[in-house]
Amino acid sequence: KNQQDVIEKVLKKLRGGGGTVIEPTLRRVLSEMKNKDIVVVFTDGEIWDINDPNTQILFEQVASKASIAVFATTLREHELKGWRIIRIKV
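Described in the following lines is the structure provided in the data block.

Thresholds applied
Position numbers for residues count from 1 along each chain, tracking the sequence in the order it is written. Whole-chain, interface and lining totals are the exception, using all residues; otherwise, since this is a predicted model, local features are given only for residues with pLDDT of at least 70 and side-chain atom pairs are given and counted only at 80 or more. Side-chain measures here rest on the full set of heavy atoms in the structure, leaving out hydrogens and waters. Helix and strand assignments come from DSSP, with helices taken as H or I runs of at least 4 residues and strands as E runs of at least 2, each series counted from the N terminus. Burial classes follow relative accessibility: with a 1.4 Å probe on protein chains only, a residue under 20% of its type's maximum area counts as buried, one over 50% as exposed, and anything between as partly exposed. Any Lys or Arg side-chain nitrogen found within 4 Å of a carboxyl oxygen on Asp or Glu counts as a salt bridge. Stacked, edge-to-face and tilted labels apply to pairs of Phe, Tyr and Trp rings (six-membered ring for Trp) whose centres lie within 6.5 Å, assigned for plane angles under 30 degrees, over 60, and everything in between, in that order. Working rule for helices: expected span equals 1.5 Å times residues minus one. The directions from the helix axis to the C-beta atoms form the arc being described. The criterion used for residue contact is that any of the two residues' heavy atoms lie within 4.5 Å.

**As for unusual backbone geometry**
Notably, lysine 36 is not glycine yet its phi reads approximately 70°, a positive angle. Among the secondary structure elements, lysine 36 is positioned in the loop between helix 2 (23-32) and strand 1 (38-43). Of the residues examined, lysine 36 reaches a relative accessible area of 59% and is grouped as exposed.

**Side note on the pattern of salt bridges**
For the coordinates displayed, the defined rule picks out 3 salt bridges. Between glutamate 23 and arginine 27 there is a salt bridge, with its nearest N and O atoms 2.2 Å apart. On the criterion of helical spacing, the pair formed by glutamate 23 and arginine 27 is a turn pair, its members being 4 residues apart in helix 2. Here arginine 27 falls in the partly exposed class, since its relative accessible area comes to 45%. Salt-bridge contacts for arginine 87 lead to glutamate 77; the nearest nitrogen and oxygen are separated by 3.8 Å. With a gap of 10 residues between them, arginine 87 in strand 3 (residues 84-87) and glutamate 77 in the loop between strand 2 (68-73) and strand 3 connect regions that are remote in the sequence.

**Topic: the packing of aromatic side chains**
This structure, assessed with the given rule, holds 2 aromatic pairs. Considering the side-chain rings of phenylalanine 59 and phenylalanine 71, the 6.2 Å spacing of their centres and the 70° angle between planes classify their relative orientation as edge-to-face. Highlighted residues: phenylalanine 59 in helix 3 (residues 53-65) and phenylalanine 71 in strand 2, separated in sequence by 12 residues. The same class applies to phenylalanine 59 as to phenylalanine 71, namely buried. Seen from their ring centres, phenylalanine 59 and tryptophan 83 are 5.3 Å apart, and the 80° between their planes marks the pair as edge-to-face. You can see phenylalanine 59 sitting in helix 3 and its partner tryptophan 83 sitting in the loop between strand 2 and strand 3, a full 24 residues away along the chain.

**Some details on helix 3**
If you check helix 3, its first and last C-alpha atoms are 19 Å apart, about what 13 residues at 1.5 Å a residue would give, namely 18 Å. The set of residues buried in helix 3 consists of Thr55, Leu58, Phe59, Val62 and Ala63. Mapping the buried residues of helix 3 onto a view down its axis gives an arc of 135°, with all of them on the same face. Among the exposed residues of helix 3, those oriented more than 90 degrees off its buried face are Pro53 and Ser64. Contacts made by the buried residues of helix 3 are with helix 2, strand 1 and strand 2.

Here it is in structure tokens:
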């Protein structure tokens with residue numbers, strides 16, 4: 001399939017509003033990523049553990065290991081050290 005077909009198919013299935021717990025995913029990303037990887041988080045921004053100190057540390061560690069870390073949100077924005085925040089209007 002071409003790239004646009006894949007994007008359209010994935011977007012049709014994405015649903016937000018569930019209250020994400022992101023800490024386990026950040027731990028896995030940190031353990032599996034290579035130095036200077038590009039990391040992008042796509043979210044509606046409704047992340048339950050975003051203000052947890054351990055989660056904040058993980059966000060910082062991922063950003064410092066990445067060449068660029070992007071937090072792309074469709075709803076709620078957060079300040080995250082080392083991350084570029086992008087608001088996506090849908």
